[in-house]
Amino acid sequence: MQLRVTLPTEQDVGKFAAAFARVLHPGDVVALGGPVGSGKSTLVRAIVRALHGSDQSASPSFTFRHRYDGDPPIEHIDFYRIDDPRELVELGLEEALDGRSIALIEWWRNAPEAIPPRRYEIEIEGAGDEPRKLFLRASQ
Ligand SMILES: Nc1ncnc2c1ncn2[C@@H]1O[C@H](COP(=O)(O)OP(=O)(O)O)[C@@H](O)[C@H]1O
Ligand SMILES: [Mg+2]
């Protein structure tokens, strides 16, 4: 499965998130790539809103792992500052990937070997005032 969409506004991000959220199940991993400001965290929050109805417990941007309790639980993880895989233990990655939650991982390329090969990959192009282009690929 592979698709490409243009998301000119944040409202379009919400619509995409609502559609994508419907295929997500506990244990699924979504690996998010794209430059700073492309909208990875914005998309994560839109997916949380689509699944939980709100994102009131939205994590501050300096948190590298945030769990949204709900049904299903959602783990928002950011590998931005990871330069040694041992730091992933501290982050609690194993717990986040225990199959009970949906895991959404930003900057996954900083530790690609640490996440399951069965995953969705989302790449966002564009930042600032540019329209965003989103590529979605399912690994199998
Ligand atoms: N599709 C979009 N179109 C226009 N602006 C967007 C879109 N998606 C996100 N944004 C804006 O761009 C910025 C992205 O920030 P953020 O989601 O934190 O990016 P990242 O996590 O990739 O660094 C936010 O200010 C957000 O309001
Ligand atoms: Mg971010």
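Everything discussed here concerns the structure shown above.
Remember, it's a predicted structure, so these values are computed and weren't measured experimentally.

Student: Looking at this structure, I do not really get the sheet that holds strand β7 (residues 132-138). What am I missing?
Tutor: Note on sheets: strands pair through backbone hydrogen bonds, and any given pair is parallel or antiparallel. Overall, mixed pairing links the seven strands, which are arranged β1-β7-β6-β2-β5-β4-β3 in an open sheet. The sheet is open, and its two edges are formed by β1 (2-7) and β3 (65-68), each paired on a single side. On average, each strand axis in the sheet is tilted by 15° relative to the strand beside it, whichever way the strands run. Summarising the sheet, strand β4 (residues 74-78) and strand β5 (residues 102-106) pair through five bridges and their orientation is parallel. Bridge pairing in β5 places His 76 opposite Leu 104. Contacts from helix α2 (residues 40-52) reach β2 (29-33), β3, β4, β5, β6 (120-125) and β7, with the element oriented near 165° to β5.

Student: Can you walk me through the layout of surface pockets in this structure?
Tutor: In this approach, a probe sized like a water molecule rolls over the atoms, and the result shows the empty space that is left. Within this model, the second largest pocket holds a volume of roughly 160 Å³. As for the second largest pocket, its lining consists of 13 residues, of which Glu 10, Val 13, Ser 38, Gly 39 and Arg 132 are closest to the centre. Listed by contribution, the elements that provide at least two residues to the lining of the second largest pocket are α1 (10-21), α2 and β7. Tallied by class, residues from the lining of the second largest pocket come to six nonpolar, five polar and two charged.

Student: Looking at this model, I keep getting lost on the environment of Glu 87. Mind explaining?
Tutor: Its location among the elements puts Glu 87 in helix α3 (residues 87-91). Sequence separation between Glu 87 and His 25 is 62 residues; the distance between their C-alpha atoms is 27 Å. Filtering out sequence-adjacent residues up to four positions away, Glu 87 remains in contact with Arg 81 and Ile 82.

Rules and cut-offs
- Residues numbered from 1 in each chain as written.
- Chains lettered and ligands numbered in written order.
- Predicted model: local features only at pLDDT ≥ 70, side-chain atom pairs only at ≥ 80, totals over all residues.
- Heavy atoms only, no water.
- Pairing = 2+ DSSP bridges.
- Helix = DSSP H or I, 4+ residues; strand = E, 2+ residues; numbered from the N terminus.
- Axes fitted to C-alpha atoms, helices over the stretch in contact; angles between N-to-C directions.
- Contact = heavy atoms within 4.5 Å.
- 1 Å grid on protein atoms, 1.4 Å probe; cavity = no way out; pocket = protein on both sides within 12 Å on 5 of 7 lines; lining within 4 Å.
- Points joined across faces, edges and corners; volume = space filled by probe spheres on them.
- Nonpolar A, V, L, I, M, F, W, Y, C, P; charged D, E, K, R; others polar.

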